[in-house]
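# Observations on the model geometry
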Amino acid sequence: MEPDHDGRRGRADDRAADHAEAQADAGADTDADADERRSDAQLTRAASDAAAFAPLVERYSAALHGYFARRAPAAADDLLSEVWLQAFAARRTFDVSRGSARVWLFGVARNVLAGHIRRAGRDGGAPAPAPSDPWQAVDQRLDAAALAPALHRALAELPADERELVLLVAWEELTPTEAAAVVGVPAGTARSRLHRARNRMRERLASSRPAPLGLTAVGDRA
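Report follows, based on the coordinates. (Residues numbered from 1 in each chain as written. Predicted model: local features only at pLDDT ≥ 70, side-chain atom pairs only at ≥ 80, totals over all residues. Heavy atoms only, no water.)

## Some thoughts on helix H9 (residues 176-183)
In an α-helix there are 3.6 residues to a turn, and that puts residues three or four apart on one side. To keep things clear, this is the line we draw: Only protein chains enter the accessibility calculation, which uses a 1.4 Å probe. A residue is then buried if its area is under 20% of the maximum for its type, exposed if over 50%, and partly exposed in between. Numbering of helices and strands runs from the N terminus; a helix is a DSSP stretch of H or I covering at least four residues, while a strand is a stretch of E covering at least two. The criterion used for residue contact is that any of the two residues' heavy atoms lie within 4.5 Å.
Among the eight residues of H9, six are classified as buried, and the element is accordingly described as predominantly covered. For H9, the set of buried residues is Pro176, Glu178, Ala179, Ala180, Val182 and Val183. Against the buried residues of H9 lie helix H2 (31-46), helix H5 (101-122), helix H8 (160-170) and helix H10 (187-204). The first or second residue beyond H9 is Gly184, which carries a positive phi of 80 degrees.

Here is the structure:
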């Protein structure tokens, strides 16, 4: 009889998930850290127990819907459904050693969005919107409405790779390291691009007050 490698791996994953959940429940972490550790454990467990996937849908649907709504608002609901279908189908590919469940889910979302944009172009329909945040939502988070036009221009003028990293950090609240994992570049590369983006935005906003949303610190976090 051949050894049951898959069975042993599944049991090992379950033990690792149990350990991670116990650590999260112990209260040593902040609430956000505990949620992330719990999510890692649940996604790990979902490889052998599909029911463990359900809490992730509740925990991350709002964040993922926001990601889509800021980039393809008319299709956000459909894209959210698609990302959960794809994430569930691919749940066994999650490897916590390569990043958190949150980062992995945003990576799936990015691929779903890219597929949507490609399909829109291939079908000859209305061009899919370039990834950007709705200016009304940006305006609501500015301290001074007078800064909004300059910020709009500064974001629009950034190269696409830099703009995406800025938005992942400023709007999806990922760290630069997490944003790097989502877009598939080394963390050092992401920090360099964020640093360039920060300098470009500082130059554009030089005649206005400093940008809100922590943009002056984008690229400085882990």
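Now, onward.
## Some thoughts on the nonpolar core
Spelled out, the test is: Here, the term nonpolar core denotes a set of buried Ala, Val, Leu, Ile, Met, Phe, Trp, Tyr and Cys residues that are joined through side-chain atoms within 4.5 Å.
With 50 residues, the main nonpolar core has Leu64, Phe68, Val83 and Trp84 as its most contacted residues. When residues of this core are traced back to their parent elements, those giving at least two are H2, helix H3 (54-69), helix H4 (76-89), H5, helix H7 (148-157), H8, H9 and H10. Of the residues forming this core, the biggest block, nine residues, is contributed by H5.

## Remarks on the side chain of His116
Mapped onto the elements, His116 comes out in helix H5. Those residues in contact with His116 that lie beyond four places of it in its chain are Ala72, Ala75 and Leu79.

## Remarks on the packing of aromatic side chains
Rules: Each pair of aromatic rings taken from Phe, Tyr and Trp, with Trp reduced to its six-membered ring, is defined by centres within 6.5 Å and is described as stacked if the planes are under 30 degrees apart, edge-to-face if over 60, and tilted in the remaining cases.
Per the stated rule, a full pass over the model turns up five aromatic pairs. When the ring of Tyr67 is compared with that of Phe68, the centres are 5.5 Å apart and the planes differ by 75 degrees; the resulting orientation is edge-to-face. Given a relative accessible area of 1%, Tyr67 falls into the buried group. Here Phe68 falls in the buried class, since its relative accessible area comes to 0%.

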